[in-house]
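Observations on chain architecture
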Amino acid sequence: MIVARQLTKDFAGPEGTVIRALGPLDLQVAPGEFVCIVGPSGCGKSTLLRLIAGLEQPTAGTLSVGSQTPILVFQGDSTFPWLTVYGNVEYPLKLRGLSEKEREAAVTHKLGLVGLSRFAEAYPYQLSGGMKQRVALARAWVADPEILLMDEPFGALDEQTRMALQRELLRLWEGAPTSHDARKTVLFVTHSIDEALTLGDRVLVMSAAPGRIIKEVRVPFARPREAIQLKRDPSFGELTYELWQALA
Ligand code: ADP
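So, a few notes on the structure that sits alongside this text. (Residues numbered from 1 in each chain as written. Predicted model: local features only at pLDDT ≥ 70, side-chain atom pairs only at ≥ 80, totals over all residues. Heavy atoms only, no water.)

Within the protein, the secondary structure is distributed over eight helices and nine strands. Radius of gyration (C-alpha) of the protein: 18 Å, near the 18 Å computed for a compact globule of 248 residues. Projected onto the principal axes, the alpha-carbon positions of the protein cover approximately 50 × 45 × 35 Å. If you take every contact in the protein between residues at least 6 apart in sequence, the share linking residues at least 24 apart comes to 71%. Element-wise, carbon and sulfur atoms account for 53% of the exposed surface of the protein, whose accessible area totals about 11800 Å². (Helix = DSSP H or I, 4+ residues; strand = E, 2+ residues; numbered from the N terminus. Rg over C-alpha atoms; globule rule 2.2 N^0.38 Å. Contact = heavy atoms within 4.5 Å. Areas by Shrake-Rupley, 256 points an atom, 1.4 Å probe, with all protein chains shown as cover.)

This is the structure we're talking about:
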């Protein structure tokens, strides 16, 4: 679904200098795979997602990405403040021209999955950070992209809210197949090794800038996963150690 070969991105620095933000980096992600990326600050993780989303053009190398434009979910507030929770989640379906009845069924279902049914008529200013990220998740799911790119979506949340959001994301992703008759392909950037092991099929570690992939770990835990139970698994500790070593 995603193939990058020797993907490189340079930016113009001060006084005619060139700053290499990424690469050369090789990456392959299979359809329906959930891949997490960890790496030090400034190593080019956001740049990689922005290249895959088509928001930046590579300086060198090649990149091929599914047949649709991916959706990017990021850490900040991406809700539309002038729309209710319902209106926010309904928005992509309106763009696609679905009937009101079709929209209502899809939006109600997704709001239920992220625990926001009672807040359908609320406006974003009335919501906590965690609830806004739930709106972003529901909106991404209702849009039903082949590829979902997530750039530290839960990074600004407290630990308990973050765990709740991880559970909801797992429930969405592991749940009903999409219209493409498969799970979505997800590329998820996080600072948290714990989060990467909780969510991913694979965890990739990037080097310090300019980022390349220096380690890959296959995550052995069966699905559906229960985030809290995973932490009792002895291999959770082993893999955490292995990933920390790579980052160090
Ligand atoms: P990460 O997401 O891993 O923290 P980024 O992809 O945001 O890293 O940034 C990688 C490097 O590229 C950093 O040194 C950053 O300053 C630089 N960079 C990112 N975007 C731009 C830009 N638009 N112009 C110049 N430099 C940039």
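Structure's up, so let's keep going.
What follows covers the sheet that holds strand β3 (residues 34-38). Judged by pairing direction, the sheet is mixed, and its six strands sit side by side in the order β5-β6-β7-β3-β8-β9 without closing on themselves. In this open sheet, the two strands that pair with only one neighbour each are β5 (71-74) and β9 (213-218). Within the sheet, the average angular offset between the axes of one strand and its neighbour, ignoring direction, is 20°. Against the sheet, helix α8 (residues 234-247) engages β8 (202-206) and β9, with an angle of about 175° to β9. (Pairing = 2+ DSSP bridges. Axes fitted to C-alpha atoms, helices over the stretch in contact; angles between N-to-C directions.)

Core analysis: the biggest nonpolar cluster contains 47 residues, and Leu137, Leu169 and Phe188 have the highest contact counts within it. The dominant element in this core, judged by the number of residues it contributes, is helix α4 (residues 129-143), at eight residues. Residue-level mapping places this core at the junction of two domains, with at least three residues from each of domain 1 (2-70 + 145-247) and domain 2 (79-144). If sequence neighbours within four positions are ignored, Leu169 has contacts with Phe34, Leu137, Trp141, Met150, Phe154, Phe188 and Leu199. In this structure, Leu7, Leu25, Val35 and Leu204 belong to the second largest nonpolar core, which totals 21 residues. (Core = buried A, V, L, I, M, F, W, Y, C linked by side-chain atoms within 4.5 Å. Buried < 20%, exposed > 50% of the residue type's maximum accessible area, 1.4 Å probe, protein only. Domains from an automatic or database assignment.)

Time to look at the sheet that holds strand β4 (residues 60-65). Two strands in a sheet stick together by hydrogen bonds in their backbones, pointing the same way (parallel) or opposite ways (antiparallel). What the three strands build is an open sheet, ordered β2-β1-β4; its pairing is antiparallel. With partners counted over all chains shown, the strands left at the sheet margins are β2 (18-29) and β4, one partner each. This sheet shows a mean twist of 30° between the axes of neighbouring strands, independent of strand direction. Strand direction decides the pairing type here: strand β1 (residues 2-12) and β4, joined by five bridges, are antiparallel. Residue pairing for β4: Val3 is matched across the bridge by Ser64. Taken strand by strand, helix α1 (residues 45-52) contacts β1, β2 and β4, and its axis lies near 65° from that of β2.

Looking at the ligand, the residues that line it are Phe11, Ala21, Pro40, Ser41, Gly42, Cys43, Gly44, Lys45, Ser46 and Thr47. At 2.7 Å from an oxygen atom of the ligand is found a main-chain nitrogen or oxygen belonging to Gly42. Contacts to the ligand include Cys43, whose backbone N or O atom sits 3.1 Å from an oxygen atom. Taking 560 Å² as the accessible area of the ligand by itself, protein coverage stands at 59%. Looking at which element gives the most residues to the shell around the ligand, the answer is α1, with three residues. Class assignment of the residues belonging to the shell around the ligand gives a composition of four nonpolar, five polar and one charged. (Near = heavy atom within 4 Å. Polar contact = N/O pair within 3.5 Å; in protein donor to acceptor, adjacent residues only side chain to side chain. Nonpolar A, V, L, I, M, F, W, Y, C, P; charged D, E, K, R; others polar.)

This brings us to the side chain of Lys184. With respect to the helices, strands and loops of the structure, Lys184 is situated in the loop between α5 (159-174) and β7 (185-189). On the accessibility criterion, Lys184 (2% relative accessible area) is buried. Within the structure, Lys184 has its side chain in polar contact with the side chain of Asp144 (distance 2.8 Å).

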